[in-house]
Structures are given as structure tokens and as C-alpha cells.
Amino acid sequence: MKIMQLTKTDFIQYLDCPNSLWLLKNKPEVFEEYKGEKSLFLEKLIREGYEVEEYVMKMFSTQTDLENIPIDQIKEKLSIPGYYSQATLITEEGLFARLDLVEVHDDLSISIYEVKSSTSVKTDSKHNHLKDICFQKYIAEQSGYMVRDVYHIHLNKEFIKNGEIDPFELIEKEEVNELVADIYDQTVTEIQSALALINKKEINENLCTCLDKTRSNHCDTFNYFNKDIPERSIYELQRISAKKVRELNDMTILKITDIPDDYKLSDYQVLQKQTVIDNDPLIDSVNIQSTLNKLVFPLYFFDYETLPNAVPQVNGYGPHGQVPVQYSLHVLQENGDMEHFEYLSKNLEFPEKLLAHMREHIGPTGHMISWYASFETSRNKEMARLYPEYADFLQDINTRTFDLMDIFKKDYIDARFEGSNSIKKVQPILVPNLSYKELEVQSGTMAVDSAERLYKMTNPEKIAKLRKDMFEYCKLDTLAMVEIYKHLKEV
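All values reported here derive from a predicted model rather than from experimental measurement.

(A) Representation of the overall build of the chain. In terms of regular secondary structure, the chain is built from 19 helices and 14 strands. The C-alpha radius of gyration computed for the chain amounts to 26 Å, which stays within 12% of the reference 23 Å derived for 491 residues, consistent with globular compactness. For the chain, the spread of C-alpha atoms along the principal axes amounts to about 80 × 60 × 40 Å. Burial status across the chain gives 52% buried among its 491 residues. Carbon and sulfur atoms make up 48% of the accessible area of the chain, which amounts to about 23900 Å² in all. Here the chain contributes 57 positively and 82 negatively charged side chains, and the mean placements of these two sets differ by 2 Å.

As C-alpha cells, this is what we get:
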């Protein structure tokens, strides 16, 4: 029987959900069918890692690249002191790793340098950096090397781009020997368990460990493994904790309506449960009208799309800084007349042209309407600091900003929103005539991915097509707000 390989990426997926990894390895076509935005997120992390590696290699300019060296020659190469990048290690039991950077010392012991696109050592389930390093240390030891030190290389969170990037200012190196030692034995046991699992011919495909996790931590294939999850399940309760998910599962309660009346829920969750029982939304019409009547016309329904690069590409921004590259603006007059304005930067640059375009179409009076407005106001504060000429304009529109999402935190609760205040959940229920499903770009994650691709394209036709898709997505975001506002005015 052919032994399946286990990479460090596979191992991190195993830690997140063992059954999901088994499905990827044994039924890849099924996994692909369920693959969602979490996979898109992981792909972005990988791309960002490559970007950071380019600068790390400039710091270790004497390193030798082993990426294209045959596996059977790696041992010979690593028998000479020095720095080596992309050394591939494979064990007989099926472990596979390509080490970002290895230092071979005079006594032929080695130090491992793991490169990440983060600004610190992360240990959450999405990243598990220390487990990642443990995996590499273990495979190195299994390959016959004595590991002296392990390092985590990441971005300097204090770095701000100002012209050409100095890698020694951008990159930080952190020795993590003790942190790795604390979890090493446990991790080795987990690696062996992962190897055993992926080589099983069969597993129980009717559940996975994500059953005891909150919805945001479910694996991509949760719906495949847990087909019996009912509609209006406990996972839809807003901000439910993993502890309460486990408690309810232990009580064999999956339906919101089956939760006992004496079980402790938050005030919002109690109201949410009531909407499920009544099969009717809870709407405080008086409060909603009172809130909306305070808004001053014209109303500017506004949304940014941004590009967060791990390695900053625009002066004034640091690692993962959110650079506004696009906006959509629907301007609604009190008499019902409406105009739409939009802008998408042709190049990845400081958004001065975007700001100039905004200032042409946003007047001195009238409320700015956003959804999750803290995102827009934060970008405005950042740009105000970076470009003082627009500071007064940006500060002014921030003082006039109203978050339409706030109404759905207390005055409009509907079980069909599935415990979310996201516009992607509210819009299909209140204004079903609009749909993101018909668009090429359908979500914020896809919008970021599109922007990243846009500024690397050279084909004029592909650029024009992608710009059109991005315009349609951003326009629908603000049009959806307009239509939700109109719906609220009638409740």
C-alpha cells in the first residue's frame, strides 16, 4: 500500500479538523466540492509567506537555494556549514517538509528558521506557528540532523514603508527554543496520529470534531460530515461560546427551540430564540423610525474595498495595512432621486486620487451610511494622518457617519439572519431581489483576492474584465444598503 505524504500544511489542517484532512487526502474531489473561503484564506497566507521570504533571503544573501536540488543530494549539500533555503526533507514514514531556511553549523548541527507573514508568533488554530516549527524539527531529527536552535522570522509590526524597503528593518528574528520544547513531545504524538489517520481506508464520515466548535471555527467540510444539523441550530446563536456549544451537545441539543428556558443565554440570544419559536422577526418599529428620522439628507451610502499586503507596497503603510483601492457611493436625496459614483485605482498607490474623487461627490452636509462603519472610519483616520491636505474632509465625514448595521443589533432581530449582522445575511431576507450569487466577486475575501490579482495583471482584456467584476461587487454593497434603508422606512 502506498504511504500518503503528510506536509506541514496538512498537519496544521489535521490539528484544525482530522476528518477534514482525511477527506482531502482520500476523497479530494469531495473536499474540493465543499472547499470554501477558509481555503482561499490559507492560499493567501501561502502567497504572503513567499513575499516575506524574498526579503528574508536578502538578509541571508550568502544562502544557497536548494529548491531544485534532487532529494538524494540534499544530505550532501547540508554537510557543509552555511545557510541554505528550501531544503526538502522526506522520511520513510511519509513526512514531507521544505524548510524555509537552515543554518548548518561547524559541528553539522542545524538551526531552523521558519518564515511567516505575521507580525508575531501566532498560536491560534488558523496558524499554529509553534506546531508548524515542531513539525519541521521532528522531520529534521528523523532525517538524522541534530537541531540546535529554532527561530520564528516575522514582520516588524512597527515598520512603516518609506521608499525602498530595508529587509533588516522589515524583518524580525525570534528564537523560540523553549516555546517549542514545551509542546514538542505532544506534537510528535499528534504527527504520528495524523500519519495513521490519513492512511486509514475508512473513517466515520457522519461527524467531525468541529461539532463542538463555534460556527466560525468549523472546517470547510463541516456540512459534509454533519449532515443532520437541523435548520436554526445552536451554531446560529450570536456570539455563542465553544463552552456552551459543548454543553448543549452534551445535552444532545442541536435545535435552538430545544434549549431549556432556564439555560443561561445572552439577552440577544434570548430574543433570537424567541424569533425562532414564533417564526416571526422582532421589530421595534418606533425605535427604528426614530433613529432613521434623525438622519440628514442627502444620504451617502458608502463602502471601501481595500488591499492589505503583508509586505507594504505603499508608502506610509505598515505590514498588513489596509490600503483603500476602491469605493462605491450611492447618493440618495430626500425626494428619492439617486446618483451612483465609483472609483477603482488603476495602480496600487497612495489613495490620493481616490480621495480627490470622493471629495468631488461628497458634500458638506448629509449623513454617511456604512455597514460595519468602524472599518470605513478607521481607514479615514489612517488616511487623515498620512495626507493632511484631506484631514479636515475625512474627519468631517467620520463625524457624519451612521452605521446601518446598528439597527440589527437590537431593533430588528430575525432568525433567518442566522445570528449574524452581516449585510450578506440581512440583504437576502429583506431585499431578495438583489443577489451576490450572480456576480463573479461575491464576498469581501474574494474582493481582496481580486484586488491582489488586479495589480499584478498585464493583459488589458483581463484587467478590464476584473475591474468590471470588482465595480459590480462594490456597487451592490452600497445599493443593498439603500434598499435595506428603504425597507426599514416601511416597517
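(B) Structural detail: the pattern of salt bridges. Throughout the structure, instances matching the rule amount to 28 salt bridges. Lys27 is the partner of Glu205 in a salt bridge, and the nearest nitrogen-oxygen pair spans 3.0 Å. Highlighted residues: Glu205 in the loop between helix H8 (177–198) and helix H9 (222–225) and Lys27 in the loop between helix H2 (18–26) and helix H3 (28–34), separated in sequence by 178 residues. On the basis of relative accessible area, Glu205 is assigned to the buried category, the value being 18%. Note that Glu483 and Lys486 form a salt bridge whose closest N and O atoms lie 3.9 Å from each other. Residue Glu483 and its partner Lys486 are located together in helix H19 (residues 460–489), separated by three residues, close to a single helical turn.

(C) How the structure looks around unusual backbone geometry. Of the consecutive residues Phe297 and Pro298, the connecting peptide bond is found in the cis state with omega at -5°. Inspection of the secondary structure puts Pro298 in the loop between helix H12 (285–292) and strand E9 (299–308). Its identity is not glycine, yet Arg239 carries a phi of approximately 55°, on the positive side. Structurally, Arg239 is set in the loop between H9 and helix H10 (242–250). In this model, Asn279 sits at a positive phi of 55°, which is unusual for a non-glycine residue. Assignment of secondary structure puts Asn279 in the loop between helix H11 (267–278) and strand E8 (282–283).

(D) Just the sheet that holds strand E10 (residues 322–332), in detail. Within the open sheet, the five strands sit side by side as E11-E10-E9-E12-E13. Their pairing is mixed. A strand with exactly one partner marks an edge of an open sheet, and here the two such strands are strand E11 (338–344) and strand E13 (401–403). Adjacent strand axes in the sheet meet at a mean angle of 30° when their direction is disregarded. Here E9 runs beside E10; their pairing, made up of 10 bridges, is antiparallel. Bridged to Tyr304 within E10 is Tyr327. Across the sheet, helix H18 (residues 444–454) lies against E9, E10 and E11, angled at about 60° from E9, the strand it touches most. With respect to the sheet, H19 is in contact with E9, E10, E11 and strand E12 (368–370), its orientation differing from that of E9 by roughly 145°.

(E) Quick look at the environment of Val311. With respect to the helices and strands, Val311 occurs in the loop between E9 and E10. Measuring from C-alpha to C-alpha, the distance between Val311 and Glu48 comes to 7.7 Å, with 263 residues separating the pair along the chain. With sequence-adjacent residues up to four places away left out, Val311 is seen in contact with Glu51, Val52, Tyr55, Leu155, Ile165 and Leu170.

(F) Representation of the packing of aromatic side chains. What the rule picks out here adds up to 20 aromatic pairs. Seen from their ring centres, Phe302 and Tyr304 are 4.6 Å apart, and the 80° between their planes marks the pair as edge-to-face. Classification of Tyr304 by relative accessible area gives buried; the value is 2%. An aromatic cluster is defined as three or more aromatic residues linked by ring pairs; in this entry it consists of Phe60, Tyr83, Tyr113 and Tyr151. In this arrangement the basic side chain of Lys137 is found over the ring face of Tyr184, its NZ or CZ atom lying 4.7 Å from the centre. Positioned over the ring face of Tyr436 is Lys424, at 4.6 Å from the centre of the ring.

(G) Local environment of the environment of Gly444. In this structure, Gly444 sits in helix H18. Looking at Gly444, the relative accessible area reads 32%, which means it is partly exposed. As for Gly444 and Ser241, which are separated by 203 residues in sequence, their C-alpha atoms are 25 Å apart.

(H) Examining the nonpolar core more closely. By size, the foremost hydrophobic cluster in this structure holds 63 residues, and its most contacted members are Leu6, Leu78, Leu95, Ile110, Val180, Ile191 and Ile259. Considering every element that reaches this core, the biggest residue donor is H8, with nine residues. If sequence neighbours within four positions are ignored, Val180 has contacts with Leu130, Ile133, Cys134, Lys137 and Val150. Membership of the second largest hydrophobic core comes to 32 residues, among which are Val426, Tyr473, Met481 and Ile484.

(I) Geometry of the packing of helix H6 (residues 129–142) against H8. At a minimum axis separation of 9 Å, H6 and H8 run at an interaxial angle of 70°. As summarised for this structure, H6 and H8 are arranged roughly perpendicular, according to the angle between their axes. Contact residues: Leu130, Lys131, Ile133, Cys134, Phe135, Lys137, Tyr138 and Glu141 in H6; Leu179, Val180, Ile183, Tyr184, Gln186, Thr187, Val188, Glu190, Ile191 and Gln192 in H8. Along the lines of polarity and charge, the residues of the contact of H6 with H8 split into 11 nonpolar, three polar and four charged.

(J) Structural view of a negative patch on the surface. A cluster of acidic residues, Glu158, Glu172, Glu174, Glu175, Glu178 and Asp182, forms a negative patch on the protein surface. Mapped by element, the contributors of at least two residues to the negative patch are strand E7 (171–175) and H8. In terms of residues, the negative patch owes the most to one element, E7, which gives three residues. Structurally, Glu174 can be placed in strand E7.

Reading guide: rules and limits
Residues numbered from 1 in each chain as written. Predicted model: local features only at pLDDT ≥ 70, side-chain atom pairs only at ≥ 80, totals over all residues. Heavy atoms only, no water. Helix = DSSP H or I, 4+ residues; strand = E, 2+ residues; numbered from the N terminus. Rg over C-alpha atoms; globule rule 2.2 N^0.38 Å. Buried < 20%, exposed > 50% of the residue type's maximum accessible area, 1.4 Å probe, protein only. Areas by Shrake-Rupley, 256 points an atom, 1.4 Å probe, with all protein chains shown as cover. Lys, Arg positive; Asp, Glu negative; His and termini not counted. Charge placed at Lys NZ, Arg CZ, Asp CG, Glu CD. Salt bridge = Lys/Arg side-chain N within 4 Å of Asp/Glu carboxyl O. Pairing = 2+ DSSP bridges. Axes fitted to C-alpha atoms, helices over the stretch in contact; angles between N-to-C directions. Contact = heavy atoms within 4.5 Å. Phe/Tyr/Trp six-rings, centres within 6.5 Å; stacked < 30°, edge-to-face > 60°. Lys NZ or Arg CZ within 6 Å of the ring centre and 35° of its normal. Core = buried A, V, L, I, M, F, W, Y, C linked by side-chain atoms within 4.5 Å. Parallel < 35°, antiparallel > 145°, perpendicular 65-115°, else oblique. Nonpolar A, V, L, I, M, F, W, Y, C, P; charged D, E, K, R; others polar. Patch = residues over 30% accessible without salt bridge, like charges linked within 9 Å, V, L, I, M, F, W, Y side chains within 5 Å.

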